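Tertiary structure, described
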Amino acid sequence: MGFQGIIGHKDVLAHLQNAMKMGKVSHAYIINGETGSGKKTVARAFAQALQCENEEDRPCGKCHSCLQAQSGNHPDIIEVTHDKPNSIGVDDIREQVVEDVSVRPYSSRYKVYIISDGEKMTAQAQNALLKTIEEPPAYVVVLILTANASALLPTILSRCVRLDMKPISDEQVRNYLMEHVQIPDYQADICVAFAQGNIGKAIQLASSDRFSEIRSSAVHLVTHVKEMDLSEISNAVKAVTEFKLDIRDYLDILAVWYRDVLYFKATNDADGIVFRENLRAIQQQTRRSSYEGLESILEGIKKAKTRLSANVNFELTMELLFLLIKENQ
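Before going into details, it helps to say that this report is about the structure given with it.

Rules used in this analysis
- Counting restarts for each chain, with residues numbered from 1 along the sequence as it is written.
- Where local features are concerned, this predicted model is filtered to residues with pLDDT of at least 70; where side-chain atom pairs are given and counted, the filter is 80 or more; whole-chain, interface and lining totals use all residues.
- The side-chain figures draw on all heavy atoms in the structure; neither hydrogens nor water molecules are used.
- Whenever a carboxyl oxygen of Asp or Glu lies within 4 Å of a side-chain nitrogen of Lys or Arg, that contact is scored as a salt bridge.
- Strands are runs of DSSP state E lasting at least 2 residues, helices are runs of H or I lasting at least 4, and numbering of each runs from the N terminus.
- Each residue's exposure class comes from its accessible area (1.4 Å probe, protein chains only) as a fraction of the maximum for that residue type: buried when under 20%, exposed when over 50%, partly exposed otherwise.
- Lines fitted to C-alpha atoms define the axes here, with helix axes fitted over just the stretch in contact, and angles between the N-to-C directions of these axes take values from 0 to 180 degrees.
- Should an angle lie under 35 degrees it is considered roughly parallel, over 145 roughly antiparallel, and from 65 to 115 roughly perpendicular; all remaining angles are considered oblique.
- When the near helix sits turned anticlockwise from the far one by under a right angle, the crossing is termed left-handed; a clockwise turn instead gives a right-handed crossing.
- We call two residues in contact when some of their heavy atoms are within 4.5 Å.
- Just so you know the grouping, Ala, Val, Leu, Ile, Met, Phe, Trp, Tyr, Cys and Pro go in nonpolar, Asp, Glu, Lys and Arg go in charged, and all remaining residues, Gly too, go in polar.
- One bridge is not enough; two strands pair if DSSP finds at least two bridges between them.
- Detection works on a 1 Å grid of protein atoms alone, calling trapped sets that fit a 1.4 Å probe cavities and calling open sets with protein on both sides within 12 Å along at least five of seven lines pockets, with lining residues defined by an atom within 4 Å of a point.
- Grid points are joined across faces, edges and corners, and a volume is the space filled by probe spheres set on the points.

1. A word on the pattern of salt bridges
A side chain of one charge can pair with a side chain of the opposite charge if their charged atoms are brought near each other. With the rule as written, the count across this model stands at 9 salt bridges. Of the charged contacts in the structure, one is a salt bridge between R44 and E79, with a shortest N-O distance of 2.8 Å. With R44 in helix α2 (residues 39-51) and E79 in strand β2 (residues 77-79), the pair connects residues that are 35 residues apart, well separated along the chain. Assessed through its relative accessible area of 42%, R44 is described here as partly exposed. What makes E79 partly exposed here is its relative accessible area of 31%. Taking the shortest distance from any N to any O, the salt bridge between R174 and D189 comes out at 2.6 Å. Within this pair, whereas R174 is found in helix α7 (residues 170-181), its partner D189 is found in helix α8 (residues 185-195), the two being separated by 15 residues in sequence.

Structure (structure tokens):
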């Protein structure tokens, strides 16, 4: 994928393109952004552009070098791998970067090293990389991709150009989902609401049967909890434990639902809500819920997130939340 196919991130792309145009490509970059924000897409496009044989429009997507990059088989674009899921060790960096940089490029003007999950590098690994960053051969470009730049050593941070990925506009994400993932507008709106400018997460949600299942479960709960007794609420808690790994998504769905109810109660504007396909249920809830009750529920969801982040008992936290929802709608 060339720069033209990337959604958003205009500032980052403009910086990289200008660096190439002015002949001022840095030896090391940190591309910082949350998981799914497009860091690897940008890094691969930049690496392809650096190696492109076309002097005018890079990457051209047509030359031999571009075709190699697009197929993932370019000998001078090295994506660092690691066996341990939560750690990039010193041996990984030494073997794939430090000891490799002395070998000149096979066929290109640069050797580009892409290090994903840079925050997972151990201190020893970062220190091993530091010498390469401090005294690199002229042909070396290191791209460190990270979801948490603060996890990198100050010595690494001070020697790299840092580029921060920013959220993409809701309109751009929505249009992309409808055109490329081919989902209807109301479903795209739901995914956009949860993705919060993260195109990778939006695509994942739009393509996930799991997310649809979680969403359906959450909507069923909020539309029936008023009639549930304590035993049924306990059963609902047990059902939610099936989604334990996705509990933030589950709580976000609840929060968006009650924000929709609060918004509709205040404005009577159906176009401004996310769950438009559930308009009738939202209308019913607005009639029986007070502003204070809805605000109490939203605050309760926020507290539940905080408690779960602090490892408070999962079942107790969710049961208290469901009881709060029952009492206030």
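2. Quick notes on the packing of helix α11 (residues 230-240) against helix α15 (residues 314-327)
Pairs of packed helices are described in terms of their axes, by the angle between the two and the distance that separates them. At a minimum axis separation of 9 Å, α11 and α15 run at an interaxial angle of 130°. The angle between the axes of α11 and α15 places the two elements in the oblique class. Handedness of the α11/α15 crossing: right-handed. Facing L230, I233, S234, A236, V237 and V240 of α11, the residues of α15 in contact are F314, E315, M318, E319, F322, L323 and K326. Residue composition of the contact of α11 with α15, grouped by class: 9 nonpolar, 1 polar and 3 charged.

3. Quick look at the sheet that holds β2
Strand order in the open sheet formed by 5 strands is β2-β3-β4-β1-β5, and the pairing between neighbours is parallel. Sheet topology places β2 and β5 (161-164) at the edges, where each strand pairs with a single neighbour. For this sheet the average axis-to-axis angle between neighbouring strands, irrespective of direction, equals 20°. As defined by bridge partners, strand β3 (residues 111-115) adjoins strand β4 (residues 140-146) across 5 bridges and the pair is classed as parallel. Paired with I115 across the two strands is I144, which belongs to β4.

4. Thoughts on the layout of surface pockets
Its boundaries defined by the atoms lining it, the largest pocket holds a volume of some 440 Å³. Taken together, 23 residues line the largest pocket, and the ones lying closest to its centre are S37, G38, K39, K40 and T41. Of the residues in the lining of the largest pocket, the class split is 9 nonpolar, 10 polar and 4 charged. What lines the second largest pocket is a set of 20 residues, among which F194, Q196, K201, D252 and K305 lie closest to the centre. The set of elements that each furnish at least two residues to the lining of the second largest pocket consists of α8, α9 (199-206), α12 (247-267) and α14 (291-309). With 5 residues, α12 is the single largest residue contributor to the lining of the second largest pocket. Residues of the lining of the second largest pocket, tallied by class, amount to 7 nonpolar, 6 polar and 7 charged.

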